[in-house]
Amino acid sequence: MNRELFAIFGNPVSHSKSPLMHNISFQGLGFDGCYTKYLLQDGKKLKKTFLDLGLKGINITVPHKEHAYNACDILDPFARKVGAVNTIVEKDGKLYGYNTDAPGFLKAISEFKDINTVLFLGAGGTAQSTSKILKDEGYEVILLNRSKGRLEKFKENGFETYTFENFISKKYDLVINVTSAGLEDDSLPAPLEILKQVIPTAKACVDVIYGKETPFLKLAKSYAKPTKDGSDMLLYQGITAFEHFTAHLYTFEEIEHYMKKAFAL
Ligand code: NDP
């Protein structure tokens, strides 16, 4: 078998941990693969770039997940439902698209027990797939977003939605930051007075941002709440992508054993 080539497409992409995660796993499992980063500026060129580079598979990050969806010949049913693809694999000249963010997120929050109601702070692309999978699993999901525009789609799909202006606080078991607030600045995902209403009664607080303690998680900790950042979500979405890349040659646990090492470096 010839060496198979993989990449992450995004803009920006230089910060991505994915090459490390996948290359450590290829090496550990003895799979002849190589994974790199590709700065893709124009999302419309995703398919041509993939084919020109002779790739076997890619992951897609911000802001190209919708372009990735449109580039696929065949879509996994869940990716079709949420309209976002973060993993593509080439098989017999056709591009197959998957969404591994959402199952990764679901597994990452599974450690929190007796959770029924979940408040999402944010309504972007990541909220779209992760809220859908939680709803399918029977959780009650409520969305609170800074502005109205992105909430429309959620409302059409039967979610309870609020902006900061019309928010009526209830008790939520889990409060999750799915905004990019705190990623590159010190901002909170919602006004402090709202967070002071929803955090104290929550069982736990989660952030999808990884690699730093965000102001949101700091605030949650000041209320002695159990917290979790986005590292496990990143790990689990990567393991599921790796399963697709390697045609399910390895078990989840075998891949996890190696991929986890990327987080200790
Ligand atoms: P989008 O650009 O699609 O959406 C951004 C969301 O954040 C919008 O709801 C936006 O609100 C809100 N927002 C941005 N800045 C602020 C602010 N200062 N205050 C309040 N709300 C704000 O981003 P994604 O959904 O793709 O990504 C969201 C986060 O998820 C990112 O931080 C990303 O790094 C992280 N992520 C983590 C993953 C992991 O594996 N751990 C995987 C994928 C994403 P508005 O509509 O008003 O603009």
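Everything discussed here concerns the structure shown above.
Basis of the calculations
Residues numbered from 1 in each chain as written. Predicted model: local features only at pLDDT ≥ 70, side-chain atom pairs only at ≥ 80, totals over all residues. Heavy atoms only, no water. Helix = DSSP H or I, 4+ residues; strand = E, 2+ residues; numbered from the N terminus. Contact = heavy atoms within 4.5 Å. Phe/Tyr/Trp six-rings, centres within 6.5 Å; stacked < 30°, edge-to-face > 60°. Buried < 20%, exposed > 50% of the residue type's maximum accessible area, 1.4 Å probe, protein only. Lys NZ or Arg CZ within 6 Å of the ring centre and 35° of its normal. Near = heavy atom within 4 Å. Polar contact = N/O pair within 3.5 Å; in protein donor to acceptor, adjacent residues only side chain to side chain. Areas by Shrake-Rupley, 256 points an atom, 1.4 Å probe, with all protein chains shown as cover.

> Whenever I open this one, the environment of Lys94 confuses me. Can you help?
Structurally, Lys94 can be placed in strand β6 (residues 94-98). Those residues in contact with Lys94 that sit more than four places away from it in its chain are Asp73, Ile74 and Val89.

> How should the packing of aromatic side chains be read in this particular structure?
Aromatic ring pairs: the centre-centre distance and the angle between the two ring planes describe each pair. Applying the stated criterion to the full structure yields 12 aromatic pairs. Each ring, one from Phe6 and one from Phe26, has its centre 5.2 Å from the other, and the planes form 35 degrees; the classification is tilted. You can see Phe6 sitting in strand β1 (residues 4-10) and its partner Phe26 sitting in helix α1 (residues 18-29), a full 20 residues away along the chain. Of the two residues examined, Phe6 and Phe26, each falls in the buried class. When the centroid spacing of 6.0 Å and the interplanar angle of 35 degrees are considered together, the rings of Tyr236 and Phe252 count as tilted. Of this pair, Tyr236 sits in helix α10 (residues 231-245) while Phe252 sits in helix α11 (residues 252-259), and the two are 16 residues apart along the sequence. Each residue in the set Phe6, Phe26, Phe31, Tyr35, Phe242, Phe245 and Tyr250 is aromatic and connected to the rest through ring pairs, giving one cluster. If you follow Lys107 out to its NZ or CZ, it ends over the ring of Tyr236, 5.1 Å from the centre.

> Looking at this model, I keep getting lost on the site of the ligand. Mind explaining?
Near the ligand, the surroundings consist of 26 residues, among which Thr126, Asn145, Arg146, Ser147 and Arg150 are the closest. One nitrogen or oxygen atom from the side chain of Arg150 is found 2.8 Å from an oxygen atom belonging to the ligand. Between the ligand and Val208, the relevant distance is 2.9 Å, taken from a nitrogen atom to a main-chain nitrogen or oxygen of the residue. If the ligand stood free it would expose 940 Å²; the protein chains cover 82% of that surface.

Honestly, that's just the spatial picture; any functional story needs more than this.
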